[in-house]
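# A look at the structure
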Amino acid sequence: MNLTKCDICKKRLKDDQVRAGVGYFVGNDFCSKCGKPILDFLKKHKLIKEEK
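This is a predicted model, so every value here is computed, not measured. (Residues numbered from 1 in each chain as written. Predicted model: local features only at pLDDT ≥ 70, side-chain atom pairs only at ≥ 80, totals over all residues. Heavy atoms only, no water.)

### Points about the pattern of salt bridges
In total, this model carries 2 salt bridges according to the counting rule given. The closest approach of N and O atoms between Arg19 and Asp29, which form a salt bridge, is 3.0 Å. In this pair, Arg19 is assigned in strand E1 (residues 18-20) and Asp29 in strand E2 (residues 28-30), connecting sequence segments 10 residues apart. Using a relative accessible area of 4% as the deciding quantity, one classes Asp29 as buried. (Salt bridge = Lys/Arg side-chain N within 4 Å of Asp/Glu carboxyl O. Helix = DSSP H or I, 4+ residues; strand = E, 2+ residues; numbered from the N terminus. Buried < 20%, exposed > 50% of the residue type's maximum accessible area, 1.4 Å probe, protein only.)

Quick look at the structure:
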C-alpha cells in the first residue's frame, strides 16, 4: 500500500518525499519539510552519502 500523506503533518506527498525506516516493509513517509531533520541527522553521523 502506497501512502499519500506525510506521517507528521498529514500533507499530501509529492515527488520530494522522504522515506525513513529499516528494511523494505517497515518505514514512514514524510514530506521534504518534515523529513529534513531526519536527513540532516543521517548525514551528520555519516550513515548516508549525499547524492549529486
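### As for unusual backbone geometry
Phi is positive for Lys10, which is not a glycine, with a value near 65 degrees. Tracing the backbone through its elements, the reader meets Lys10 in the segment before E1. A residue is classified by how much of its surface remains accessible, and Lys10, at 52% relative accessible area, is exposed. Its identity as a non-glycine residue notwithstanding, Lys46 has a phi of 55 degrees, on the positive side. On the secondary structure map, Lys46 appears in the segment after helix H1 (32-44).

Shape descriptors only; they carry no functional weight alone.
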